[in-house]
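The residues making up each chain are set out below.
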Amino acid sequence: MAGSGCGSDIILPNQKVFSLGLSTIVQYKIYSEGEVTIAVRIDCPGGQSIPPSTSFRNLTLEVKHGDEYYVLLDKGFAVVEVVQKIDAQKHLDKARITQKQEENIDNPIIKPSLQAKKEGKGQGTCFAITANGYLITNHHCIENAKEITVKGIDGDFSTKYGATLIASDPSNDLALIRIENKNVTFKAIPFAIRSSGVQQAEKVYAIGFPYAEAMGKEVKLTDGIISAKSGVNGDISKFQISAAVNPGNSGGPLIDEHGNLVGVIYAKSTLAESAGYAVKASYLETFLKNVDGFEYPTFISTISDKPITDIVAEWKKFVFIVETN
């Protein structure tokens with residue numbers, strides 16, 4: 001390759017194309033499972049007597065969840081091959097640059113392997129918004145669902161309660177659901193909704209159930225800051241946060257240090273590490289106030305002066321797993 005001026009791009013089905021430089025490692029996280037074709041496009045500008053050219057090197061992998069694969073593109077662009085870690089190690093040690101990429105599950109590499117999400121099958125997080133059984137989650141968590149169930153009420157993960165979709169706001173990825181069993185009620189909601197005044201660099205906490213089947217049924221807490229007061233492409237309805245979130249966190253609460261609800265978790269960045277997004281509480285407030293037949297409650301915080309450990313302990317009583325079929 002030396003002196004050729006050729007460049008290379010990595011192409012995976014349905015994903016963003018990205019460039020590969022010399023002595024570069026790409027760490028690519030794939031959620032799809034099955035046969036994945038990796039294409040390397042090689043563009044050479046040509047010279048005085050050599051016309052420009054484009055060529056491809058393709059490799060097909062059978063990807064399984066939890067496994068690691070090492071793919072090597074040699075410096076002459078001649079071969080793309082799968083190697084063992086021991087054979088890849090010398091190249092890993094010499095690499096000058098590391099790129100981190102991640103599959104965009106909204107448009108997955110292998111659509112059938114992640115089709116459950118599109119068919120309404122999945123798991124997310126929800127939280128109580130009133131004492132009489134109304135809960136908030138994301139629209140995408142219940143979209144196309146034939147059945148919605150909630151579990152984890154009073155710490156019981158063996159009992160599932162049917163829930164009904166009351167209203168949804170697809171544009172802001174919000175949904176209001178209600179437990180069908182009228183005997184299921186909650187204590188008075190202890191938190192307030194903070195719909196304004198949230199500043200960049202404020203400490204925040206995400207509460208939810210990421211990968212509940214794999215990581216366990218105990219509610220998980222991650223902390224971070226408000227990284228930006230806007231989301232992707234300057235979306236003013238969202239916060240960007242540094243608190244770690246993963247699939248399953250969707251629909252969970254984002255709270256400040258006083259336990260106020262400041263947002264609803266809805267996505268993890270597919271492009272950047274340590275970046276997630278939450279719908280701002282002001283948009284949740286507007287959504288709830290416009291649901292026909294829903295009486296918007298008065299939120300009064302009873303936990304704002306407590307230490308964060310007590311705030312989280314109280315919040316955990318109102319955060320549950322939502323599942324769909």
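Heads up: the structure comes first, above all this text.
Residues numbered from 1 in each chain as written. Predicted model: local features only at pLDDT ≥ 70, side-chain atom pairs only at ≥ 80, totals over all residues. Heavy atoms only, no water.

S.K.: It is not clear to me how the overall build of the protein should be interpreted in this structure. Could you clarify?
M.R.: Of the regular secondary structure elements, the protein holds six helices and 20 strands. Seen along its three principal axes, the alpha-carbon backbone of the protein occupies a region of about 80 × 40 × 35 Å. Across the 325 residues of the protein, 43% fall into the buried class. Of the contacts formed within the protein by residues at least 6 apart in sequence, a portion of 64% connects residues at least 24 apart. Carbon and sulfur atoms make up 49% of the accessible area of the protein, which totals about 16600 Å². A gap of 2 Å separates the mean positions of the 33 positive and 37 negative side-chain charges of the protein. (Helix = DSSP H or I, 4+ residues; strand = E, 2+ residues; numbered from the N terminus. Buried < 20%, exposed > 50% of the residue type's maximum accessible area, 1.4 Å probe, protein only. Contact = heavy atoms within 4.5 Å. Areas by Shrake-Rupley, 256 points an atom, 1.4 Å probe, with all protein chains shown as cover. Lys, Arg positive; Asp, Glu negative; His and termini not counted. Charge placed at Lys NZ, Arg CZ, Asp CG, Glu CD.)

S.K.: Explain the sheet that holds strand β2 (residues 18-20) here, please?
M.R.: The pairing of strands in a sheet comes from backbone hydrogen bonds and takes either a parallel or an antiparallel form. The four strands are arranged β2-β1-β4-β5 in an open sheet whose pairing can be described as antiparallel. Looking along the sheet, the strands with just one partner apiece sit at the ends: β2 and β5 (53-63). Each strand of the sheet is rotated relative to its neighbour by a mean of 30°, with strand direction disregarded. With eleven bridges joining them, strand β4 (residues 34-44) and β5 adopt antiparallel strand pairing. The residue of β5 that forms the bridge with Asp 43 is Thr 54. (Pairing = 2+ DSSP bridges. Axes fitted to C-alpha atoms, helices over the stretch in contact; angles between N-to-C directions.)

S.K.: What is the right way to look at helix α6 (residues 308-315) in this model?
M.R.: For an α-helix, the turn length of 3.6 residues means that residues three or four places apart are oriented alike. Burial in α6 covers these residues: Ile 311, Val 312 and Trp 315. Buried residues of α6, seen end-on, are gathered within an arc of 95° and therefore sit on one face of the element. (Arc of directions from axis to C-beta.)

S.K.: What should I look at first to understand the nonpolar core in this one?
M.R.: As a rule of thumb, nonpolar side chains are buried together in soluble globular proteins. Grouped together as the largest cluster of nonpolar side chains are 49 residues, with contacts concentrated most on Phe 127, Ile 129, Leu 176, Phe 191, Leu 284 and Trp 315. Per-element accounting of this core gives the leading share, five residues, to strand β13 (residues 174-179). Aside from chain neighbours lying at most four places away, what touches Leu 284 is Ile 136, Leu 174, Ile 193, Leu 261 and Val 264. Residues Cys 6, Ile 10, Ile 38 and Val 63 belong to the second largest nonpolar core, which totals 16 residues. (Core = buried A, V, L, I, M, F, W, Y, C linked by side-chain atoms within 4.5 Å.)

S.K.: Just to check I follow, could you spell out the environment of Gly 259 for this structure?
M.R.: Mapped onto the fold, Gly 259 is located in the loop between β17 (253-256) and β18 (261-268). In this structure the C-alpha to C-alpha distance between Gly 259 and Glu 314, which are 55 residues apart in sequence, comes to 9.1 Å. If we skip the residues at most four places from it in the chain, Gly 259 touches Phe 191, Ile 303, Ile 311 and Trp 315.

S.K.: Just to check I follow, could you spell out the packing of aromatic side chains for this structure?
M.R.: What describes a pair of aromatic rings is the distance from one ring centre to the other and the angle between the planes of the rings. As enumerated under the stated definition, the model contains nine aromatic pairs in all. Ring plane angle 20° and centroid distance 6.0 Å describe the contact between Phe 18 and Tyr 28, whose orientation is recorded as stacked. Placement of the pair is Phe 18 in strand β2 and Tyr 28 in strand β3 (residues 24-29), with a sequence separation of ten residues. Centre to centre, the rings of Phe 127 and Trp 315 are 5.9 Å apart; their planes meet at 65°, and the pair counts as edge-to-face. One end of the pair, Phe 127, is in strand β9 (residues 122-128); the other, Trp 315, is in helix α6, with 188 residues separating them in the sequence. Here the aromatic cluster, defined as three or more aromatic residues joined through ring pairs, consists of Phe 127, Phe 191, Tyr 296, Phe 299 and Trp 315. One cation-aromatic arrangement involves Lys 238 over Tyr 266; the distance from NZ or CZ to the ring centre is 5.1 Å. (Phe/Tyr/Trp six-rings, centres within 6.5 Å; stacked < 30°, edge-to-face > 60°. Lys NZ or Arg CZ within 6 Å of the ring centre and 35° of its normal.)

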